[in-house]
Amino acid sequence: MPENSADRAGARPSPHDPAPPTPIPAGLVVLVGPPASGKTSFVRALVERRQIEAEAVVSSDEMRLELFGAVSEPADSDAADAADARIFEERDRRIAARLAAGRSVIAESTNVTPQARERLIVLARRFGAPVTVLRFAPDVAGLLQQYAERGRTDLSAADVRAYAAVMSRDAGADRLRAEGAAAVHDVPGRREAVTPAGAAARFTFAPGRPPRR
């Protein structure tokens, strides 16, 4: 009987075989990407596929809705600054609570600037948690298409381009590792013809310690 190639010891996988999922250790997972780059769709797919629990995702947009009932920024700049301060203070509190309990947590916001990431990395270091960065490539044409499809009113097309430019300049993989990321992975998306569910399937997430009863 002919030997099955899959059963041969040390057999090499076919180049057409899918790569095994990338393991993400328990700790802080920082999403980095411009608005409309697919971050929310990605984490929604993770939750729907039961790869993570919904409580593991801490989203600044969702927190804005929860605290203020609207995604749009206040017209007054002082009010906007105060709202942002409250949102990110609450975000940090929730992230810290999960890290203190040894649980994984995903920080879902743009995080394209070094200053935004530094705040999160300092928080992770306080609890000795590893930081994994998942990058969402700034494909400007794709971003603008998704932005138009979603009909967002809190951002302009110029804002989306500006976020993409900042990420291209300040969020390369080498820089992210130099800032303190233990690992950096690119998340495929529309440009690679990969759906959010397909992108989610390329990763596995360690949940960390179970909550105490």
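What counts and what doesn't
- Residues numbered from 1 in each chain as written.
- Predicted model: local features only at pLDDT ≥ 70, side-chain atom pairs only at ≥ 80, totals over all residues.
- Heavy atoms only, no water.
- 1 Å grid on protein atoms, 1.4 Å probe; cavity = no way out; pocket = protein on both sides within 12 Å on 5 of 7 lines; lining within 4 Å.
- Points joined across faces, edges and corners; volume = space filled by probe spheres on them.
- Helix = DSSP H or I, 4+ residues; strand = E, 2+ residues; numbered from the N terminus.
- pLDDT = per-residue confidence, 0-100.
- Contact = heavy atoms within 4.5 Å.
- Pairing = 2+ DSSP bridges.
- Axes fitted to C-alpha atoms, helices over the stretch in contact; angles between N-to-C directions.
- Phe/Tyr/Trp six-rings, centres within 6.5 Å; stacked < 30°, edge-to-face > 60°.
- Buried < 20%, exposed > 50% of the residue type's maximum accessible area, 1.4 Å probe, protein only.

Draft legend 1. Quick look at the layout of surface pockets. The space that makes up the second largest pocket amounts to roughly 370 Å³. Around the second largest pocket, the lining comprises 21 residues; the ones closest to its centre are S37, G38, Q146, G189 and R190. Contributing elements (two or more residues each) for the lining of the second largest pocket: α1 (39-48), α5 (140-150) and α8 (196-200). A per-element tally of the lining of the second largest pocket places α5 first, with three residues.

Draft legend 2. Inspection of the confidence of the model for the protein chain at higher detail. When the pLDDT values of the protein chain are averaged, the result is 86; 86% of them are 70 or greater. Counted against residues more than four places away or in other chains, residues 1-16, with its pLDDT under 50, gives two contacts.

Draft legend 3. Molecular detail of the sheet that holds strand β3 (residues 57-59). Strands sit in the order β3-β4-β2-β5-β6 across an open sheet of five strands; the sheet is parallel. The sheet is open, and its two borders are formed by β3 and β6 (183-186), each paired with just one other strand. Averaged over all neighbouring strand pairs, the angle between strand axes comes to 20°, with direction disregarded. With three bridges connecting them, β3 and strand β4 (residues 105-108) associate as parallel partners.

Draft legend 4. A look at the environment of L46. Topologically, L46 is positioned in helix α1. Each C-alpha atom of the pair L46 and P196 lies 8.6 Å from the other, and the pair is 150 residues apart in sequence. Discounting chain neighbours no more than four positions away, the residues touching L46 are Q51, I52, I106, A200 and F205.

Draft legend 5. Molecular detail of the packing of aromatic side chains. Here the structure, examined in full by the defined rule, presents two aromatic pairs. Considering the side-chain rings of F42 and F136, the 5.6 Å spacing of their centres and the 75° angle between planes classify their relative orientation as edge-to-face. With a gap of 94 residues between them, F42 in helix α1 and F136 in the loop between β5 (131-135) and α5 connect regions that are remote in the sequence. Each member of the pair, F42 as well as F136, is classed as buried. Ring centres of F42 and F203 lie 6.0 Å apart, and the angle between their planes is 85°; on these two criteria the pair is classed as edge-to-face. Note that F42 is positioned in helix α1 and F203 in strand β7 (residues 203-205), a separation of 161 residues in sequence.

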